[in-house]
Amino acid sequence: MHALYISLVSEYYKSRKTLAFWAAILLPLIICGLISAGFYNNAEKIIANHYPPMLLWAQYSGAALGVMGFLIMPFYVIFMAFSVNNIEHKNDTWKMLFAQPLNKFSIYAAKYLYAILLIFICLFLFAALTYAFGNLLQVLVPTFNFNQYNPLDILINAYAKLFLASLGILSLQFILSLLWSDFLKPMGIGFVGTIMGIIAANVGWKYAYLIPYSLPTLASRISKVKKGMDPLAFSIFTQEIWTSLIYASVLFIIGYFIVTKKSIK
Amino acid sequence: MGNYAIETVGLNFNFGNQTIVKDLSLQVPNGSIYGFLGPNGAGKTTTIKILLNLLKSPSDQVFIFGKEINSNRIAILKRIGALVEQPAIYGHLTGKENLVNRCILLGIKKAKADEMLSLVGLAEAANKKANKYSLGMKQRLGIAQALISDPELLLLDEPTNGLDPNGIIEVRNLMIDLATKHQKTILVSSHLLAEIERTATHVGIINKGQLLFQGTINELHLLSKPMLEIEVDNIESASTLLIKQGYEVTTKTEKVISVLFVSSQKSGELNTLLIQNGFTVSSLYQQRKDLENLFLDITNTN
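Residues numbered from 1 in each chain as written. Chains lettered and ligands numbered in written order. Predicted model: local features only at pLDDT ≥ 70, side-chain atom pairs only at ≥ 80, totals over all residues. Heavy atoms only, no water.

- Going by an unreviewed UniProt entry, chain B carries the name ABC-2 type transport system ATP-binding protein and comes from Pedobacter terrae.
- Recorded in UniProt under Sequence similarities (unreviewed entry), the annotation for chain B is "Belongs to the ABC transporter superfamily." (UniProt positions renumbered as here; feature names shortened; annotations may be inferred.)

- Taking an unreviewed UniProt entry as the reference, chain A is identified by name as ABC-2 type transport system permease protein belonging to Pedobacter terrae.

In structure tokens form, the structure reads like this:
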């Protein structure tokens, strides 16, 4: 456990000045900021629609969730999986890392956990900032009715689903980025996979849930559909979440065997 | 086995069908500076990677501190510091941050980073990003990383690569210091015989994955017999004369005759002989064999 902990600390220390780390903070800040600015500037038009409070929250948080779930999330995950591995490929430091008196599992697991942690921070900030900026809008424009509904449960549920649904992609991309030192292969496969995943999910293919790249889309769509009806009734652990978790754990284990067999040339 | 910091027993290693290391039996005594000598592509780096368990060796072929490497990986790595090929440095971090990161991984005090930077003469560049470092500075940082855990055994793969003459002398003195004052064992690889001769107590010569020679530096000197090169007019008759007088002329070019060097006195006598016979000797000097000739010698005697 100690080896895992120090490997994790080292991952943070190495990456704290890189875009990969700051993306986790800047991405939610920028997207939530832009949406809030849009709501602030168009306040009159939006208020004229006389949305009930819950629908107003749905409109507002759905803007971020929609963009995230469909498009940015898969690419963000692909980028995270790439960057935690690329930091070693780029500097030719794998040999140094594996020559340290640490077990290989700790080194590998720390990288994987660190990528998960960054994704968690990113999504946590999305949820937190959506909530905070919504309330800030209410203060700035008192005629909004954000204050008449508490969306916290839905937000947490929706982002928790998105987080869990993205772990399948993460594990898959993590292996690709571990194996290949170049940018194009894992990114190219990830890009094609994501497009295919989104199409498969949107045409409603029966087996779309078997494609890891479809899962964030599937997960966020179900939470959206149900939001209009009974928002608190949707469960987190649906079929696509289980699929994602199974993919994540199986691929995580396969990745470890790849690492132990990996010869550092 | 207890006397050796490193011992390999008939080590074989292949990349696919290609044999990189063949029946290699290294014996690196405790406290020695072991010069691991060979041309580029001889298998030096591969061997060092095997010693670090970066490349998997067959079981019971590699022993470090008397322990089998595959089953004692972590315990062994705790006692080794290494510099393999180009130093492994994170370019976006400063020199100091690179060392602090190593401190984190090794669980040692971060103050050690500053100490190491002064040791390798990088204190002033401590807060400069490592990708702005020159090749020599990177090499020094790599050496600092290898030394930071105060290891008993150092594996240095061409540590003077990219260093200027001053840097080379500093590294050389540092190695001698570490071995004599701090009882470290150092395995240092190089393709330059002259470089190894100045520091090493023991030498192993590898070519095409096979160990051609292993022994103390004095044993190597016995093999590497120096030559006496003579620049003289009328080469043909001069060499005929020398042969008549019982000298063994090993090589003869248009300008230079080479005979085996025996002693300074003998060289003087040879000079007198030539002059008394009316030759003009323009130059007469002792020449050590270079690595290539040494290789030929060693392969021939084997």
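Now that the structure has been shown, the text picks up again.
**With respect to helix α2 (residues 19-41) of chain A**
Okay, so step 1: Of all the bends in α2 of chain A, the greatest reaches close to 35° and is centred on Ile25 of chain A; the proline Pro28 of chain A follows between one and four positions later.
Okay, so step 2: Turning to α2 of chain A, its buried residues are Ala20, Phe21, Ala23, Ala24, Pro28, Ile31, Cys32, Ile35, Ser36 and Phe39 of chain A. (Bend = angle between axes of the 7 residues up to and from the residue. Helix = DSSP H or I, 4+ residues; strand = E, 2+ residues; numbered from the N terminus. Buried < 20%, exposed > 50% of the residue type's maximum accessible area, 1.4 Å probe, protein only.)

**Some thoughts on the side chain of Thr130 of chain A**
Residue and element names in this part refer to chain A.
Okay, so step 1: Of note, Thr130 is situated in helix α6 (residues 104-140).
Okay, so step 2: Judged by relative accessible area, Thr130 falls into the buried class, the value being 2%.
Okay, so step 3: Here Phe126 takes part through its backbone oxygen, which lies 2.5 Å from a polar atom of the side chain of Thr130.
Okay, so step 4: Those residues in contact with Thr130 that lie beyond four places of it in its chain are Cys32, Trp57, Tyr60, Ser61, Leu125, Leu155 and Tyr159. (Polar contact = N/O pair within 3.5 Å; in protein donor to acceptor, adjacent residues only side chain to side chain. Contact = heavy atoms within 4.5 Å.)

**Some thoughts on the domain arrangement of chain B**
Residues and elements named next belong to chain B.
Okay, so step 1: Partitioning chain B into structural domains gives domain 1 (4-223) and domain 2 (227-301).
Okay, so step 2: Taking only C-alpha atoms, the centre of domain 1 and the centre of domain 2 are 39 Å apart.
Okay, so step 3: Taken together, the contact between domain 1 and domain 2 spans 14 residues of the former and eight residues of the latter.
Okay, so step 4: Taken over both partners, the interface formed by domain 1 and domain 2 buries close to 860 Å², and the fraction arising from carbon and sulfur atoms is 79%.
Okay, so step 5: Looking only at domain 1, the three residues that lose the most surface to domain 2 are Leu193, Leu212 and Leu223, adding up to 51% of its buried area.
Okay, so step 6: In this structure, the connection of domain 1 to domain 2 is made through zero salt bridges.
Okay, so step 7: Along the contact surface separating domain 1 from domain 2 lie zero residue pairs in polar contact (both at pLDDT 80 or more).
Okay, so step 8: Class assignment for the residues of the side of domain 1 that touches domain 2 results in nine nonpolar, four polar and one charged. (Domains from an automatic or database assignment. Buried area = accessible area lost by both parts, 1.4 Å probe. Salt bridge = Lys/Arg side-chain N within 4 Å of Asp/Glu carboxyl O. Nonpolar A, V, L, I, M, F, W, Y, C, P; charged D, E, K, R; others polar.)

**Some details on the interface of chain A and chain B**
Okay, so step 1: At the interface, 29 residues of chain A touch 27 residues of chain B.
Okay, so step 2: A combined buried area of about 2700 Å² lies between chain A and chain B, and 59% of that area is made up of carbon and sulfur atoms.
Okay, so step 3: One can count three salt bridges joining chain A with chain B.
Okay, so step 4: Across the chain A-chain B interface, the total number found is eleven residue pairs in polar contact (both at pLDDT 80 or more).
Okay, so step 5: Element by element, the count of residues in the side of chain A that touches chain B is highest for helix α1 (residues 2-15) of chain A, at six residues.
Okay, so step 6: Its residues assigned to classes, the side of chain A that touches chain B shows eleven nonpolar, nine polar and nine charged.

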